[in-house]
Amino acid sequence: MPTLADIRHAAAGLSGRIHRTPVITSSALDELFGASLALKAELFQKTGSFKVRGLLHKTLQLTGSERERGVITVSAGNAAGALAWAARDAGVPATVVMASTAVQAKVDAARAYGARVELVEGDLIAAYEAIRDERQLTGVHPFDDLDVITGHGSLGLELLDDAPQARTVLVPVGGGGLISGVALALKLSDPSVRIVGVEPESADVVSRSLAAGSPQKLPAARSLADGLAAPVCGTHTFGIIQQYVDELVRVGEDALLDATRLVMSRTKLALEPAAAAPFAALLEGKLRLTGPTAAVISGGNLDVSKLY
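Residues numbered from 1 in each chain as written. Predicted model: local features only at pLDDT ≥ 70, side-chain atom pairs only at ≥ 80, totals over all residues. Heavy atoms only, no water.

1. Focus: unusual backbone geometry
Outside of glycine, negative phi angles account for most residues, and trans bonds account for most peptide bonds.
Reasoning step 1: One non-glycine residue, Thr47, lies in the positive phi region at around 70°.
Reasoning step 2: Here Thr47 lies in the loop between strand 2 (37-41) and helix 3 (51-60).
Reasoning step 3: Owing to a relative accessible area of 16%, Thr47 belongs among the buried residues under this scheme.
Reasoning step 4: Backbone geometry at Lys268 places phi at a positive 70°, although glycine is not the residue there.
Reasoning step 5: Assignment of secondary structure puts Lys268 in the loop between helix 12 (253-267) and helix 13 (277-283). (Helix = DSSP H or I, 4+ residues; strand = E, 2+ residues; numbered from the N terminus. Buried < 20%, exposed > 50% of the residue type's maximum accessible area, 1.4 Å probe, protein only.)

Following this line, the structure appears as structure tokens:
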């Protein structure tokens, strides 16, 4: 499991290569939810999402032979763009496996960064593993990788500096990579900080895994928040979430849509539904805030057709 020293080392390696994203506030949202909210705007990150933190850190850890073979990942879209960008920056060939139904803007972004995009039907993980093995590529898991998780921890360190007053941190949850890194960075620095994850009811593999006591796999995971529709819970992320995350709540599709519209209208941020998950939980009354709170706005690359 990554240590605080590991996360600080990763953050130092990322410094100057990625953006230090802003923390913004909204008096309208504060009044609506009865809390003092700080919004960590990762939609302004390189490639439009937090994913580049972990995937760039992973790319920087590759051996010479791993770089030469080229890398491959599987993604709904944000990890695809992030790995494509990181690999281009490092001079490493990249392949990304995406669903044929993926948001076209995310497919186009991965291609624009130089990746070979494989659009597939059916089981994405099985397709990813088959292509990886057939072409002898270096597999990079989009969330269940300790280097990826360590890189994501850099976001938690920034929150400690930029929103030190926050006693609760709300984090969107898909496969668990982001919340694992953030929770490690925060809890290892200040165990009193409350970490709350938010995932869609229709893609609640992490909640199901915690209830079962082991990582689970869903037969299907569909959500308006496609970035959170992970069909599996990772083994690394499961252990970290189980140990360091205080609470996990689930939100409905209507709330995700309403939250996206709400935050866009109050902040003018073009966030995608996955990034609005914390606000969906607040709209549904799933969370009680007891003090200053930070919410992670995890990504942009909005498909506006989903709002109508």
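2. Some words on the sheet that holds strand 7 (residues 168-172)
Reasoning step 1: Taken together, the 6 strands give an open sheet; going across it, the order is 1-2-10-7-8-9, and neighbouring strands pair in mixed fashion. The sheet terminates laterally at strand 1 (23-24) and strand 9 (247-251), the two strands that pair on one side only.
Reasoning step 2: Looking at chain direction, strand 7 and strand 8 (residues 194-200) are connected through 5 bridges and run parallel. The partner of Pro172 across the bridge, within strand 8, is Val198. (Pairing = 2+ DSSP bridges.)

3. Considering the pairing of strand 2
Reasoning step 1: Across the 5 residues that make up strand 2, a large majority, 5, are buried.
Reasoning step 2: Here strand 2 shows a buried face lined by Leu37, Leu39 and Ala41 and a second buried face lined by Ala38 and Lys40.
Reasoning step 3: Alignment of strand 1 against strand 2, held across 2 bridges, turns out to be antiparallel. Along strand 2, the bridge assignment pairs Ile24 with Leu39.
Reasoning step 4: Summarising the sheet, strand 2 and strand 10 (residues 293-297) pair through 5 bridges and their orientation is parallel. Pairing of Lys40 across the sheet is with Val296, part of strand 10.

4. Observations regarding the packing of helix 9 (residues 177-189) against helix 11 (residues 235-244)
Reasoning step 1: Following both chains from N to C, one finds helix 9 and helix 11 inclined at 40°, their axes separated by 9 Å at the closest point. What the angle tells us is that helix 9 and helix 11 run oblique. Helix-helix and strand crossings are classified by hand; for helix 9 and helix 11 the assignment is left-handed. Taking contact as the criterion, the partners of Gly177, Ile179, Ser180, Ala183, Leu184, Lys187 and Leu188 in helix 9 are, on helix 11, Thr237, Ile240, Ile241 and Tyr244.
Reasoning step 2: Of the residues contributing to the contact of helix 9 with helix 11, the split by class is 7 nonpolar, 3 polar and 1 charged. (Axes fitted to C-alpha atoms, helices over the stretch in contact; angles between N-to-C directions. Parallel < 35°, antiparallel > 145°, perpendicular 65-115°, else oblique. Left-handed = near helix turned anticlockwise from the far one by under 90°. Contact = heavy atoms within 4.5 Å. Nonpolar A, V, L, I, M, F, W, Y, C, P; charged D, E, K, R; others polar.)

5. Focus: the side chain of Asp145
Reasoning step 1: Structurally, Asp145 is set in the loop between strand 6 (138-139) and helix 8 (146-162).
Reasoning step 2: Residue Asp145 is classed as buried on the basis of its relative accessible area of 12%.
Reasoning step 3: Within the local environment of Asp145, its side chain forms a polar contact with the side chain of Lys58, the two groups lying 3.1 Å apart.
Reasoning step 4: When residues no more than four places from it in sequence are discounted, the contact partners of Asp145 are Lys58 and His236. (Polar contact = N/O pair within 3.5 Å; in protein donor to acceptor, adjacent residues only side chain to side chain.)

6. Observations regarding the layout of surface pockets
Reasoning step 1: Roughly 1100 Å³ of internal volume is contained in the largest pocket.
Reasoning step 2: In terms of lining residues, the largest pocket is bounded by 50 residues, among which Ala76, Leu124, Ala221, Ala229 and Pro231 are the most central.
Reasoning step 3: Looking at the lining of the largest pocket, the elements that each hand over two or more residues are helix 5 (78-90), helix 7 (124-135) and helix 9.
Reasoning step 4: At 3 residues, the largest contribution of residues to the lining of the largest pocket is made by helix 9.
Reasoning step 5: Among the residues making up the lining of the largest pocket, the classes are represented as 26 nonpolar, 15 polar and 9 charged. (1 Å grid on protein atoms, 1.4 Å probe; cavity = no way out; pocket = protein on both sides within 12 Å on 5 of 7 lines; lining within 4 Å. Points joined across faces, edges and corners; volume = space filled by probe spheres on them.)

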